[in-house]
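# Architecture and fold: a report
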Amino acid sequence: MCGIVGYAGSVHTACGKPLEVCLQGLGRLEYRGYDSAGVALSAPGMNQVAVRKKAGRLSNLVRDIEQHPMPQATVAIGHTRWATNGVPSDSNAHPHTSADGKVAIIHNGIIENASQLRLDLQAEGYHFSSSTDTEVAAKLLGKIVDAIIEQDGKPDLSKAVRRLARMLTGAFTILATDCRQPDIIVGARHDSPLVVGLGDGENFLGSDVAAFVAYTKRALEIGQDQVVCVSATSVEVTDFDGNVIHDCPTFEVNWDASAAEKGGWDSFMDKEIHEDPSAVQRTLLGRLDEQGELNLDEVRIDEHDLKAIDKIVVIACGTAAYAGMVAKYAIEHWVRIPVEVELAHEFRYRDPILTPRTLVVAISQSGETMDTLMALRHAREQGSRVLAICNTQGASIPRESDAVLYTHAGPEVAVASTKAFVAQITAAYVLGLFLAQVKGAMFKDEIHQMLQSLQSMPQKIQWILDTQTQTVQRAAAQMVVAKSFLFLGRHVGYPVAMEGALKLKEIAYTFTEGFAAGELKHGPIALVDEGEPVVFIVPPERGRNILHAKVISGIEEVKARGASIIAVAEEGDKDVERYADIVFWRPQCHTLLSPLVDVVPLQLFAMYMAQSKGYDVDKPRNLAKSVTVE
């Protein structure tokens with residue numbers, strides 16, 4: 001959701017770089033979704049923090065600064081806001097300041113006790129110019145700073161932020177600057193992401209490494225309930241009580257700023273769909289050790305405990321949940337243990353049955369999805385082991401898990417997930433084969449044969465991008481006036497149908513429903529009318545022919561009622577040729593692996609539908625890339 005950037009440079013030389021870093025960082029965080037943007041600057045000699053903020057796109061703020069330049073500075077904080085308290089407006093935008101304007105803060109998350117704190121402050125005579133919870137924190141922080149000055153004779157922003165953090169409930173990342181301490185920025189983290197970028201004579205802060213990757217690839221993780229004080233030459237981390245934290249984990253960002261740029265593509269979504277093959281390929285790299293054994297990225301689970309696992313529960317939201325549904329079919333087939341797929345936001349509220357022999361698999365592109373993070377914590381409280389499938393190093397979910405499988409898809413900027421989906425499915429396949437290896441459920445040569453099939457999938461995805469794109473584009477132009485769609489699939493085609501329907505909802509704003517094809521007679525067929533577009537994911541005729549026959553029967557039924565049929569099917573399928581109006585062909589592949597190719601034309605279809613309607617495919621309305629609040 002909200003994007004956060006901070007910069008600390010030399011206190012001896014005020015310049016334009018702090019503002020430049022913040023604006024460029026906010027630009028790279030636009031994908032997170034936002035409705036306003038703002039910055040705050042501090043430098044020696046300032047009587048108040050310099051603040052500028054504007055509702056709407058970041059370009060509004062940049063234009064205002066160009067017309068009315070801001071002062072040079074030594075430190076700066078910047079923010080893009082996703083409205084949770086108060087409508088999008090200049091006054092509700094961040095940063096917010098203390099009553100005397102000497103302290104400014106930005107904030108990601110929701111402060112749950114803000115209403116009571118506001119009442120308490122109003123009773124003391126404080127006035128508010130916004131309806132946000134963040135302004136409450138800003139006024140309270142200013143009050144705390146004043147109390148520390150009265151007590152100690154000088155400001156101590158770190159001490160003040162620690163005290164503030166202990167008074168707040170909810171989820172928050174806060175960055176603060178005080179013009180009386182123009183050499184530092186102080187940040188606090190509780191249930192919301194924060195990472196430090198380690199530079200040379202300068203340091204950075206961000207809600208995501210994208211905020212500073214153009215300047216440094218060295219990053220330091222800030223843990224739960226920790227406060228960080230950053231200057232140009234130092235980084236000090238403490239807990240909320242002031243105890244110093246030593247040996248904070250660091251990591252190298254394995255991509256550069258150009259990876260988060262369009263690079264000549266019309267949209268990030270178009271670019272990222274065409275990166276589907278490389279996302280799958282990179283997720284498979286280095287998975288075999290010298291003995292030919294499969295390995296994951298980080299495993300802190302004893303092999304004896306892995307062998308004892310008798311149930312798997314996948315927790316995820318949205319697209320990641322559909323990747324989990326694909327995982328269920330593959331893992332149950334290969335490992336022969338039951339797999340449940342749970343929406344993370346429902347999981348902990350239904351009193352799930354978990355034991356130490358349950359492996360919980362948490363899937364999240366950002367690694368900060370709050371519903372999934374809270375479900376993960378509930379699972380660990382119940383004694384279960386947790387394995388994370390994630391695309392982001394240093395994120396909360398992999399840090400709090402017992403094992404991690406990184407997808408290595410690279411930054412995904414478009415809000416609607418594409419390459420992360422195929423990478424998550426690939427990682428789930430790797431997990432299934434890894435567990436089959438540990439539990440002895442498959443022979444070694446069977447595992448290697450399946451891995452070889454997996455390694456051929458990037459080439460098959462590329463075949464679709466090379467041969468089917470024009471067909472998909474024509475289909476979108478033909479269907480652009482359609483008011484609704486039905487997506488139907490069986491077996492592994494069912495979650496693909498759900499994901500295809502979700503993509504069309506997300507970016508083309510078209511009413512779309514995905515169903516298991518067997519449900520057709522149990523209700524959905526009542527929606528079929530003359531010209532209604534119905535998309536079928538058709539399984540191959542090879543192997544379990546019964547699946548193919550059942551889906552063809554469903555096509556015949558809706559065709560008889562006047563539906564327009566779009567099919568995703570294997571090359572040379574004569575039955576599909578006979579009944580479908582439009583066909584997106586796929587090359588031959590193993591049925592369990594077919595979601596990797598079947599979803600690609602559906603991603604393209606949604607994108608072209610949205611473009612035909614004149615919509616922004618990268619930033620759909622009302623949606624954020626990373627949902628960091630429940």
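Residues numbered from 1 in each chain as written. Predicted model: local features only at pLDDT ≥ 70, side-chain atom pairs only at ≥ 80, totals over all residues. Heavy atoms only, no water.

## Considering the overall build of the protein chain
A count of helices and strands for the protein chain gives 20 helices and 25 strands. Taking 25 Å as the expected radius of gyration for a compact globule of 630 residues, we find that the protein chain reaches 26 Å, a close match to that expectation. Referenced to the eigenvectors of the C-alpha coordinate spread, the extents of the protein chain come out at roughly 85 × 55 × 45 Å. Among the 630 residues that make up the protein chain, the fraction classed as buried is 62%. Residue pairs in contact within the protein chain that sit at least 24 positions apart in sequence constitute 72% of those at least 6 positions apart. (Helix = DSSP H or I, 4+ residues; strand = E, 2+ residues; numbered from the N terminus. Rg over C-alpha atoms; globule rule 2.2 N^0.38 Å. Buried < 20%, exposed > 50% of the residue type's maximum accessible area, 1.4 Å probe, protein only. Contact = heavy atoms within 4.5 Å.)

## Comments concerning the packing of helix H9 (residues 319-335) against helix H13 (residues 419-439)
Packing of H9 against H13 brings their axes to within 9 Å, and their N-to-C directions diverge by 25 degrees. When the axes of H9 and H13 are compared, the pair comes out roughly parallel. In the crossing of H9 with H13, the sense of the turn from one axis to the other is right-handed. Contacts between H9 and H13 pair Thr319, Ala320, Tyr322, Ala323, Val326, Ala327, Ala330, Ile331, Trp334 and Val335 from the former with Phe421, Gln424, Ile425, Ala428, Tyr429, Leu431, Gly432, Leu433, Leu435, Ala436 and Lys439 from the latter. Looking at the contact of H9 with H13 residue by residue, the class counts come to 17 nonpolar, three polar and one charged. (Axes fitted to C-alpha atoms, helices over the stretch in contact; angles between N-to-C directions. Parallel < 35°, antiparallel > 145°, perpendicular 65-115°, else oblique. Left-handed = near helix turned anticlockwise from the far one by under 90°. Nonpolar A, V, L, I, M, F, W, Y, C, P; charged D, E, K, R; others polar.)

## What to know about the pattern of salt bridges
The final tally for this structure, using the stated rule, is 31 salt bridges. Across the pair Asp402 and Arg385 runs a salt bridge whose closest N-O atoms are separated by 3.9 Å. Taken together, the residues Asp402 in the loop between helix H12 (396-399) and strand E20 (403-406) and Arg385 in strand E19 (residues 385-390) connect sequence positions 17 residues apart. Classification of Asp402 by relative accessible area gives buried; the value is 7%. Overall, the relative accessible area of 29% leaves Arg385 in the partly exposed class. A single salt-bridge network, built from bridges that share partners, covers Arg52, Lys54, Asp64 and Asp90. (Salt bridge = Lys/Arg side-chain N within 4 Å of Asp/Glu carboxyl O.)

## Focus: the sheet that holds strand E17 (residues 339-343)
Strand order in the open sheet formed by six strands is E15-E20-E19-E18-E16-E17, and the pairing between neighbours is mixed. Unpaired on one side and paired on the other, strand E15 (298-299) and E17 mark the two borders of the sheet. By the bridge criterion, five bridges tie strand E16 (residues 311-316) to E17 in an arrangement that is parallel. Its bridge partner lying in E17, Ala316 is registered against Leu343. (Pairing = 2+ DSSP bridges.)

## As for the nonpolar core
Ranked by internal contacts, the top residues of the largest apolar core, which has 99 residues, are Ile312, Phe485 and Phe605. Among the elements that make up this core, the one with the highest residue count is H13 (14 residues). Judged by nonpolar contacts, the second largest core, of 52 residues, contains Tyr34, Leu58, Val75 and Leu194. (Core = buried A, V, L, I, M, F, W, Y, C linked by side-chain atoms within 4.5 Å.)

## Here we look at the side chain of Arg28
As for its placement among the helices and strands, Arg28 is situated in helix H1 (residues 17-28). Leaving out residues up to four positions away in the same chain, Arg28 has contacts with Ala210, Ala211, Ala214 and Tyr215.

## So, the pairing of E20
Judged by which residues are buried, E20 turns out to be covered on both faces: Ala403 and Leu405 on one side and Val404 and Tyr406 on the other are all buried. Direction of pairing for E15 relative to E20: antiparallel, over a ladder of two bridges. In the sheet register, Val299 faces E20, and the bridge partner there is Ala403.

## Considering the packing of aromatic side chains
Two numbers describe a pair of aromatic rings. These are the distance of the centres and the angle of the planes. Taken as a whole and assessed by the stated rule, the structure comprises nine aromatic pairs. A centroid spacing of 6.4 Å and a plane angle of 45 degrees characterise the contact between Phe485 and Phe487, whose relative ring orientation is tilted. The exposure class assigned to Phe485 is buried, which follows from its relative accessible area of 1%. According to the relative accessible area criterion, Phe487 is buried, its value standing at 1%. Plain terms: the ring middles of Phe584 and Phe605 are 6.2 Å apart, the flat faces sit at 50 degrees to each other, and that makes the pair tilted. Taken together, the residues Phe584 in strand E25 (residues 582-586) and Phe605 in helix H20 (residues 595-612) connect sequence positions 21 residues apart. (Phe/Tyr/Trp six-rings, centres within 6.5 Å; stacked < 30°, edge-to-face > 60°.)

## Thoughts on the sheet that holds strand E12 (residues 226-230)
With antiparallel pairing, six strands are arranged side by side in an open sheet as E5-E6-E7-E8-E12-E13. At either margin of the open sheet sits one strand with a lone partner, and together these are strand E5 (96-97) and strand E13 (235-239). Pairing between strand E8 (residues 185-190) and E12: five bridges, direction antiparallel. Directly across from Val186, in E12, lies its bridge partner Cys229.

## So, empty space enclosed by the protein
Scanning the entire structure with this criterion turns up two cavities of 30 Å³ or more. Volume-wise, the largest cavity comes out at about 60 Å³. Around the largest cavity, the lining is made up of twelve residues, and of these Arg81, Thr84, His94, Asp133 and Thr134 lie nearest the centre. For the lining of the largest cavity, the element with the most residues is strand E6 (residues 103-111), which contributes three residues. Grouping the constituent residues of the lining of the largest cavity by class yields two nonpolar, eight polar and two charged. Lining the second largest cavity are Arg490, Val492, Gly493, Ile537, Val538, Pro539, Pro540, Arg586, Thr591, Ser594 and Asp598. (1 Å grid on protein atoms, 1.4 Å probe; cavity = no way out; pocket = protein on both sides within 12 Å on 5 of 7 lines; lining within 4 Å. Points joined across faces, edges and corners; volume = space filled by probe spheres on them.)

## A short note on helix H3 (residues 114-123)
Considered for burial, the residues of H3 that qualify are Ala114, Leu117, Arg118 and Leu121. Projected down its long axis, H3 shows its buried positions confined to an angular sector of 105 degrees, all on one face. Away from its buried face by more than 90 degrees, H3 exposes Ser115, Leu119 and Ala123. Contacts from the buried residues of H3 go to E6, helix H4 (133-152) and helix H5 (157-167). Of the residues one or two after H3, Gly125 is the one with positive phi, at around 100 degrees. (Arc of directions from axis to C-beta.)

## Notes on the packing of H13 against H20
Running from N to C, H13 and H20 cross one another at 170 degrees; their axes reach a closest spacing of 10 Å. Taken as axis vectors, H13 and H20 run roughly antiparallel relative to one another. Only Pro595, Leu596, Val599 and Gln603 of H20 make contact with H13, whose side of the interface consists of Phe421, Val422, Ile425, Thr426 and Tyr429. Residue composition of the contact of H13 with H20, grouped by class: seven nonpolar, two polar and no charged.

## A word on the side chain of Ser192
Position of Ser192 relative to the elements: it lies in the loop between E8 and strand E9 (195-198). Residue Ser192 is classed as buried on the basis of its relative accessible area of 1%.

## A few points about the environment of Glu557
Here Glu557 lies in helix H18 (residues 545-560). Classification of Glu557 by relative accessible area gives buried; the value is 18%. What Glu557 contacts, discounting residues up to four positions off in sequence, is Lys521 and Ile525.

## A word on the environment of Gly554
Examined against the element boundaries, Gly554 turns out to sit in helix H18. Assessed through its relative accessible area of 9%, Gly554 is described here as buried. For the pair formed by Gly554 and Ile525, sequence separation is 29 residues and the distance between their alpha carbons is 9.6 Å. Setting aside residues up to four positions removed in sequence, Gly554 forms contacts with Leu520 and Phe536.

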